[in-house]
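Residue strings, one per chain:
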Amino acid sequence: MKIVVLSGAGMSAESGVPTFRGTDALWNGHRPEDVATPEAFRRDPSNVWEFYRARRRNLLDVRPNAGHLAVAGWQDRHDVVVATQNVDGLHQVAGSRTVHELHGSIWIARCNRCGREREDRVAAPADDALPTCPCGGVERPGVVWFGEVLPEETVRAAEQAVIAADLVLLVGSSNLVYPAASLPLLAISRRIPVVEVNPEETPFSGRVSRHMRAAAGEALPRFEPESWNGPN
Ligand code: BV8
Ligand code: ZN
């Protein structure tokens, strides 16, 4: 089977990674406009770097949960593609081999001037100097901020995977952020079965083939894609 997993912050919740809108929400104390936009970075790059380095610190001893591992396990008998809104890299740590990071990666630093990218796992810098590129440009976190376009080839690859899918799993997303939220809509519009895994209702819960009101770490290990026999 060709399976596509579309994941959001809820996928990593049981690993201890705060979601964006839950009670422990990531944005608590921070308005997205203050820390996740190009304007915020222009205005106060140190504040933005502190927000991302604090998240890296939280991620240092975080491990994939049973949900990530279940998705990786399906690869030994299915063609599995993951398209995630998450920037934590946990799907890859769990062993998923095809992961499209729609919103980039928190583990990348990108030069604001020449665009050079490098892996950067610094969570607590020795000083609060801004990371700079050999070209002299200031580096920024390699993520997609609000008001920024998503990497075109990544979006196209995710769309192609959805169009070719036999089954789409929509896991742990509030389905509020576009254009990522247009991927499940693409499957729904083409009558491709979509199974949503989310303890809460989302704007798409009434339109998917099945909504499993459960946590990813509980539902995914016991979900058998091959036994998916349509909505019930
Ligand atoms: C763009 C990376 C345009 C950085 C992120 C008005 C209407 C429509 C759109 C817009 C609008 N105004 C502005 C826009 C565009 C905007 C947008 O969609 N805004 C929303 C808020 C309305 N989008 C953009 O700006 C995008 N770019 O549009 O560019 C453009 C076009 C041309 C030229 C120039 C520009 C870029 C968006 C990307 C922003 N970057 N992240 C970082 O991580 O720091 S967004 C970030 O928030 C995440 O990546 C993710 O996408 C989003 C959070 O959503 P979720 O992942 O769903 O997480 P959330 O906490 O919301 O929900 C968690 C869910 O999990 C819940 O449902 C919960 O019930 C569930 N859950 C909890 N526990 C579990 C669980 N599920 C399963 N198991 C559990 N255990
Ligand atoms: Zn540079």
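Reading the values: the criteria
- All residue numbers here refer to positions counted from 1 along the written sequence of the relevant chain.
- Chain letters and ligand numbers both follow the written order, the letters beginning at A and the numbers at 1.
- Note on the predicted model: pLDDT of at least 70 is required for a residue's local features to be given, and 80 or more for side-chain atom pairs to be given and counted; whole-chain, interface and lining totals, by contrast, use all residues.
- In computing side-chain properties, one takes all heavy atoms of the structure into account and sets aside hydrogens as well as water.
- For Na, K and Ca the donor cutoff is 3.2 Å, while for all other metals N, O and S atoms count as donors only within 2.8 Å; water does not appear among the atoms, so some sites may look incomplete.
- Square planar and octahedral assignments, for four and six donors respectively, both demand that opposite donors be over 155 degrees apart and that all other angles lie between 65 and 115; tetrahedral needs four donors with all angles between 85 and 135 degrees, and anything else is irregular.
- Strands here mean DSSP runs of E at least two residues long; helices mean DSSP runs of H or I at least four residues long; both are numbered from the N terminus.
- Using a 1.4 Å probe on the protein chains alone, a residue whose accessible area is under 20% of its type maximum counts as buried, one over 50% counts as exposed, and one in between counts as partly exposed.
- Throughout, the term near means that a residue has one or more heavy atoms lying within 4 Å of the molecule or strand in question.
- For the purposes of these results, a polar contact is taken to be a pair of N or O atoms within 3.5 Å, where, inside protein, one atom must be able to donate a hydrogen and its partner to accept one; residues adjacent in sequence count only when each atom of the pair is a side-chain atom.
- For the area figures, the Shrake-Rupley method with a 1.4 Å probe applies, and any residue is considered shielded solely by the protein chains shown.
- The classification used treats Ala, Val, Leu, Ile, Met, Phe, Trp, Tyr, Cys and Pro as nonpolar, Asp, Glu, Lys and Arg as charged, and all other residues, Gly among them, as polar.
- Two strands pair if DSSP finds at least two bridges between them.
- With axes taken as lines fitted to C-alpha atoms, and helix axes fitted only over the stretch in contact, angles between N-to-C directions fall between 0 and 180 degrees.
- Only heavy atoms enter the contact rule, under which two residues are in contact if any of them lie within 4.5 Å.
- Two rings from Phe, Tyr or Trp (for Trp, the six-membered ring) form a pair when their centres sit within 6.5 Å of each other. Planes less than 30 degrees apart are called stacked, planes more than 60 degrees apart edge-to-face, and all others tilted.
- Remark: a charge is flagged as sitting over a ring if the NZ atom of Lys or the CZ atom of Arg is within 6 Å of the ring centre and within 35 degrees of the ring normal.
- We call a set of buried residues a nonpolar core when its members are Ala, Val, Leu, Ile, Met, Phe, Trp, Tyr or Cys and they connect through side-chain atoms within 4.5 Å of each other.
- Here the word oblique covers every angle except those under 35 degrees (roughly parallel), over 145 (roughly antiparallel) and from 65 to 115 (roughly perpendicular).
- What makes a crossing left-handed is the near helix being turned counterclockwise from the far one by less than a right angle; a clockwise turn instead makes it right-handed.

Peer 1: When you look at the coordination of the zinc ion (ligand 2) in this model, what are you seeing that I'm missing?
Peer 2: Four donors placed tetrahedrally around a metal ideally meet at 109.5 degrees, and six donors placed octahedrally ideally meet at 90 or 180 degrees. The protein atoms donating to the zinc ion (ligand 2) are Cys111 (SG), Cys114 (SG), Cys133 (SG) and Cys135 (SG), with metal-donor distances spanning 2.2 to 2.3 Å. Of note is the zinc ion (ligand 2), whose four donor atoms meet at the metal with angles of 102 to 122° in an arrangement that counts as tetrahedral. One chain supplies every donor to the zinc ion (ligand 2), and in sequence these donors are spaced C-x2-C-x18-C-x1-C. In this pair, Cys111 is assigned in strand 4 (residues 104-111) and Cys133 in the loop between strand 5 (117-119) and strand 6 (139-143), connecting sequence segments 22 residues apart. The class of Cys133 is buried, set by a relative accessible area of 6%.

Peer 1: Looking at this structure, I do not really get the site of ligand 1. What am I missing?
Peer 2: Neighbouring ligand 1 are 33 residues, the closest being Arg21, Arg55, Gln85, Gly147 and Ser174. Separating an oxygen atom of ligand 1 from a side-chain N or O atom of Gln85 is a distance of 2.5 Å. One nitrogen or oxygen atom from the main chain of Glu148 is found 2.7 Å from a nitrogen atom belonging to ligand 1. Against a free-state accessible area of 1500 Å², the protein chains account for coverage of 72% of ligand 1. Broken down by class, the residue content of the shell around ligand 1 amounts to 18 nonpolar, ten polar and five charged.

Peer 1: Hey, could you run me through the pairing of strand 4 in this one?
Peer 2: It is a general feature of regular strands that their side chains alternate between the two faces of the sheet. Across the eight residues that make up strand 4, a large majority, six, are buried. Judged from the four bridges that link them, strand 4 and strand 6 form a sheet pairing that is antiparallel. Bridged to Arg110 within strand 6 is Arg140. Bridge analysis of strand 4 against strand 5 gives three bridges, and the strand direction is antiparallel. If you follow Ile108 over to strand 5, its bridge partner there is Glu119. Hairpin geometry of strand 4 and strand 5 is characterised by an intervening segment of five residues between the two adjacent antiparallel strands and by a positive phi of about 85° at Gly115.

Peer 1: Would you take a moment to explain the sheet that holds strand 5 for this structure?
Peer 2: Pairing between the strands of a sheet comes from backbone hydrogen bonds, and it takes one of two forms, parallel or antiparallel. Ordered in space as 5-4-6, the three strands form an open sheet in which the pairing is antiparallel. On the outer flanks of this sheet lie strand 5 and strand 6, each paired with one strand and no other. Going across the sheet, the axis of each strand differs from the next one's by a mean of 40°, ignoring polarity. Across the sheet, helix 4 (residues 45-59) lies against strand 4 and strand 6, angled at about 140° from strand 4, the strand it touches most.

Peer 1: Any chance you could explain the packing of aromatic side chains here in plain terms?
Peer 2: On inspection of all chains with the given rule, the structure shows four aromatic pairs. An angle of 35° between the planes, with centres 5.5 Å apart, marks the rings of Phe41 and Trp145 as tilted. Taken together, the residues Phe41 in helix 3 (residues 38-43) and Trp145 in the loop between strand 6 and helix 7 (152-164) connect sequence positions 104 residues apart. Overall, the relative accessible area of 5% leaves Phe41 in the buried class. Within the aromatic cluster, the residues linked to one another by ring pairs are Phe41, Phe51, Tyr52 and Trp145. The ring of Trp49 has Arg53 lying over it, and the distance from NZ or CZ to the ring centre is 4.8 Å. The positively charged end of Arg121 is found above the aromatic ring belonging to Trp107, 4.2 Å away from the centroid.

Peer 1: Sorry if this is basic, but what is going on with the nonpolar core here?
Peer 2: The tendency in soluble globular proteins is for nonpolar side chains to be buried as a group. Counting 23 residues, the largest nonpolar core has Val4, Leu6, Leu102, Val162, Val168, Leu183 and Val194 as its most contacted members. Of all the secondary structure elements, the ones that give two or more residues to this core are strand 1 (2-7), strand 2 (79-84), helix 7, strand 7 (167-171) and helix 8 (182-189). Here this core gets four residues from one element, more than from any other, and that element is helix 7. Met11, Ala70, Ala214 and Ala216 belong to the second largest nonpolar core, which has 21 residues in total.

Peer 1: What am I meant to see in helix 5 (residues 66-73) here?
Peer 2: Residues three or four positions apart in an α-helix share a direction because the helix packs 3.6 residues into each turn. Turning to helix 5, its buried residues are Gly67, His68, Ala70, Val71 and Ala72. Where helix 5 is buried, its residues contact strand 1, helix 1 (10-13), strand 2, helix 6 (90-94) and helix 9 (216-219). Its side-chain oxygen 2.7 Å from the backbone nitrogen of Gly67, Asn65 forms the N-cap of helix 5.

Peer 1: Is there a simple way to think about the packing of helix 7 against helix 8 in this case?
Peer 2: Angle between the axes and distance between the axes: these two values describe a pair of packed helices. At a closest axis distance of 9 Å, the pairing of helix 7 and helix 8 adopts a crossing angle of 30°. One element, helix 7, and the other, helix 8, form an angle in the roughly parallel class. At the point where helix 7 passes helix 8, the crossing takes the right-handed sense. In this structure, helix 7 uses Ala158, Glu159, Val162 and Ile163 to contact helix 8, whose residues at the interface are Leu183, Leu186 and Ala187. The residue inventory of the contact of helix 7 with helix 8, partitioned by class, reads six nonpolar, no polar and one charged.

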